[in-house]
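Tertiary structure, described
Here is what each chain is made of, one letter per residue.
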Amino acid sequence: MTGPFASMREPTYFILAALQDDPLHGYAIVKRAQELSDGRVRLTTGTLYAALDRLTREEMVRVAEEAVVNGRARRTYELTQRGASALHAEAERMAAAASVVSNRSGRSTPAGRVVPA
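In what follows, the accompanying structure is described. Nothing here was measured: the structure is a model prediction, and the numbers come from that model.

Rules and cut-offs
Residues numbered from 1 in each chain as written. Predicted model: local features only at pLDDT ≥ 70, side-chain atom pairs only at ≥ 80, totals over all residues. Heavy atoms only, no water. Helix = DSSP H or I, 4+ residues; strand = E, 2+ residues; numbered from the N terminus. Expected span 1.5 Å × (residues − 1). Buried < 20%, exposed > 50% of the residue type's maximum accessible area, 1.4 Å probe, protein only. Arc of directions from axis to C-beta. Axes fitted to C-alpha atoms, helices over the stretch in contact; angles between N-to-C directions. Parallel < 35°, antiparallel > 145°, perpendicular 65-115°, else oblique. Left-handed = near helix turned anticlockwise from the far one by under 90°. Contact = heavy atoms within 4.5 Å. Nonpolar A, V, L, I, M, F, W, Y, C, P; charged D, E, K, R; others polar. Pairing = 2+ DSSP bridges.

1. So, helix α3 (residues 45-57)
For α3, spanning 13 residues, the distance from its first C-alpha to its last is 18 Å, which sits close to the expected 18 Å at 1.5 Å a residue. Among all positions in α3, only L48, A51, L52 and L55 are buried. Summarising the axial view, the buried residues of α3 lie within an arc of 100 degrees, below the 170-degree limit, and thus occupy one face. Opposite the buried face of α3, by more than 90 degrees, sit the exposed residues G46 and R57.

Below is the structure:
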């Protein structure tokens, strides 16, 4: 990929996408990522918080608010400008990759086998 951002794994993409509109706490990120991915991304607690720790270190997300709810710390995360830029760069990369397939004439045989170009 060209530019300052490396391509990202699907869970990371949907974590960042979940934070596009509003800051969210962990459980809400899990639910939103699952919804945005049509159920493909199902984050476990361990996977989510490991990713959020990494994304925080990489300055893609930050803790927007921290509160104690029912005796437990609850952090709300928000997307940073760097995270938004990385998310948009990844969306553009995926769109360009998809266009390689979508824009082809689809040379195939009547049996449905693809003929080498």
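Picking up after the structure, the text goes on.
2. Remarks on the packing of helix α1 (residues 10-18) against helix α2 (residues 26-36)
Direction vectors running N to C along α1 and α2 enclose 110 degrees, while the axes themselves pass 8 Å from each other. Considered as vectors, α1 and α2 are oriented roughly perpendicular to each other. In this structure, α1 crosses over α2, and the sense of that crossing is right-handed. Listed contacts from α2 to F14, I15, A17 and A18 of α1 are I29, R32, A33 and L36. Grouping the amino acids of the contact of α1 with α2 by side-chain chemistry returns 7 nonpolar, no polar and 1 charged.

3. Considerations on the pairing of strand β2 (residues 61-69)
Bridging between β2 and strand β3 (residues 72-79) involves 8 bridges; their strand directions are antiparallel. Its bridge partner lying in β3, E66 is registered against R75. The hairpin formed by β2 and β3 contains 2 residues between the paired strands, and N70 there has a positive phi angle of roughly 55 degrees.

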